[in-house]
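Report on the structure
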Amino acid sequence: MIERSPIMVTGGAGFIGSHACKALSDAGHLPVTLDDLSTGNRDAVKWGPLAVAGLQDTKAVAAALQAHGVRMVMHFAASAYVGESMRDPALYYLNNVGGMTSLLAACRAARVDKVILSSSCATYGIPDRMPITEDTPQQPVNPYGRTKLICEQMLQDYEAAYGIRHVALRYFNAAGADPEGELFECHDPETHLIPLALMAAAGQRGPLEVFGSDYATRDGSCERDYIHVSDLARGHLLAADYLETGGESCALNLGTGRGYTVLEVLAAIKQATGVAVPYRLSPRRAGDPPMLTADVSRAQRVLGFKAACPDLVQIIRDAAPSFGLNPVPEEADAQIPA
Ligand SMILES: NC(=O)c1ccc[n+]([C@@H]2O[C@H](COP(=O)([O-])OP(=O)(O)OC[C@H]3O[C@@H](n4cnc5c(N)ncnc54)[C@H](O)[C@@H]3O)[C@@H](O)[C@H]2O)c1
């Protein structure tokens with residue numbers, strides 16, 4: 001039986017962090033959220049205490065770790081917009097690399113020796129071979145991806161010098177929302193495809209722009225690997241148990257292993273909600289890889305992780321209420337065109 005202990009969740013008021021807090025609480029842990037509420041939402045912190053502080057405030061972070069007897073940190077807090085990182089890289093180096101430096105200093109001060117990092121498939125850049133394995137060269141093509149890669153490298157250095165063990169989880173595209181309706185998908189500004197498409201379907205914005213229709217994919221639009229946010233949360237629980245039981249530091253992809261094109265996502269939204277997404281085709285956007293899909297075999301082997309909800313239509317059913325859309329009853333489903 002694994003001892004259940006308090007776990008700090010930086011960014012626990014954000015989209016993925018709040019889902020991780022729920023999963024931690026359901027598994028008997030106490031999630032201790034540390035968040036500056038810069039993009040997060042106070043109402044999403046429901047399963048444990050909230051320390052409102054910035055990562056850069058090393059003393060406040062160390063105090064929160066010590067006050068709750070924390071021995072492990074799940075580190076979600078970061079700036080996470082690729083486009084913004086290209087316009088304002090300083091913000092990304094300050095918040096993501098500066099924040100990580102301060103957080104790790106606080107961990108050392110409070111004798112926390114286990115860290116689970118939210119890393120990203122953005123660290124791989126534009127690989128020429130699919131699916132992406134953990135050994136695919138990491139060659140990020142924007143400041144956001146570079147800051148995530150630096151965070152991974154910092155963890156390797158801090159393990160060698162200070163013995164902090166870690167799991168870096170390289171997420172593919174997080175999507176969906178808590179199936180029990182206790183949490184919603186909420187980003188401001190919104191940049192993720194599924195929320196943008198649902199907002200267009202709900203009439204909350206104009207037609208969706210589909211960037212690129214001439215890629216070498218099934219239908220010419222970009223292909224991505226969408227993973228349910230509750231599956232990501234479960235991946236973190238498994239990583240926590242892995243580190244608690246002495247697992248070695250590692251980096252793991254978290255995806256489903258299956259890709260869907262943008263046009264397939266739009267068809268899945270029609271199937272899940274009964275509403276067609278208004279869209280228009282636009283030229284390719286610079287820096288968009290045609291295809292990003294994960295080889296998920298290492299996470300399965302190391303953690304026993306396999307996405308419980310790899311079905312895109314179900315992911316969209318769970319996301320739809322966040323945007324005021326009701327999923328249509330399952331029996332009315334038609335197949336997504338291949
Ligand atoms: N959403 C995705 O598809 C995706 C994919 C790959 C990786 N990630 C990574 O997952 C993590 C969570 O992403 P998300 O989509 O939930 O983002 P989010 O913006 O919803 O959550 C981030 C949270 O961190 C907090 N925060 C940011 N900077 C902080 C600071 N300096 N101090 C304290 N709190 C701070 C914000 O207030 C927010 O609550 C990020 O690290 C992101 O890079 C996300």
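See the structure above.
Report on the accompanying structure. (Residues numbered from 1 in each chain as written. Predicted model: local features only at pLDDT ≥ 70, side-chain atom pairs only at ≥ 80, totals over all residues.)

1. Quick look at unusual backbone geometry
The amide bond that connects Met130 to the next residue, Pro131, takes the cis arrangement and shows omega of -5 degrees. Relative to the helices and strands, Pro131 is located in the loop between strand 5 (114–120) and helix 5 (143–162). At the junction of Asp188 and Pro189, the peptide bond is cis and its omega measures out at 5 degrees in the coordinates. The residue Pro189 is located in the loop between strand 7 (173–175) and helix 6 (193–201) in this model. A positive phi angle is found at Leu37, which is not glycine, with a value near 60 degrees. (Helix = DSSP H or I, 4+ residues; strand = E, 2+ residues; numbered from the N terminus.)

2. As for helix 10 (residues 312–319)
In terms of residue burial, helix 10 counts as a mostly covered element, since six of its eight residues are buried. Within the sequence span of helix 10, burial applies to Leu312, Ile315, Ile316, Arg317, Asp318 and Ala319. The elements touched by buried residues of helix 10 are strand 7, helix 6, strand 10 (226–228), strand 12 (260–261) and helix 8 (262–273). (Buried ≥ 20, exposed ≤ 12 C-beta atoms within 10 Å, placed from the backbone. Contact = placed C-beta atoms within 7 Å.)

3. With respect to the pairing of strand 1 (residues 6–10)
Across the five residues that make up strand 1, a large majority, four, are buried. Here strand 1 pairs with strand 2 (residues 30–35) via five bridges, running parallel. Note that in strand 2 the partner of Val9 across the bridge is Thr33. Viewed along the sheet, the connection from strand 1 through helix 1 (residues 15–26) into strand 2 turns out right-handed. As defined by bridge partners, strand 1 adjoins strand 4 (residues 72–75) across four bridges and the pair is classed as parallel. Bridged to Met8 within strand 4 is Val73. (Pairing = 2+ DSSP bridges. Right-handed = clockwise from strand over helix to strand, strands pointing away.)

4. Remarks on the pairing of strand 2
The buried fraction of strand 2 amounts to five of the six residues, a majority that puts the element mostly inside the structure. Pairing of strand 2 with strand 3 (residues 50–52), which is carried by three bridges, proceeds in the parallel orientation. Within strand 3, the position partnered with Asp35 by the bridge is Val52.

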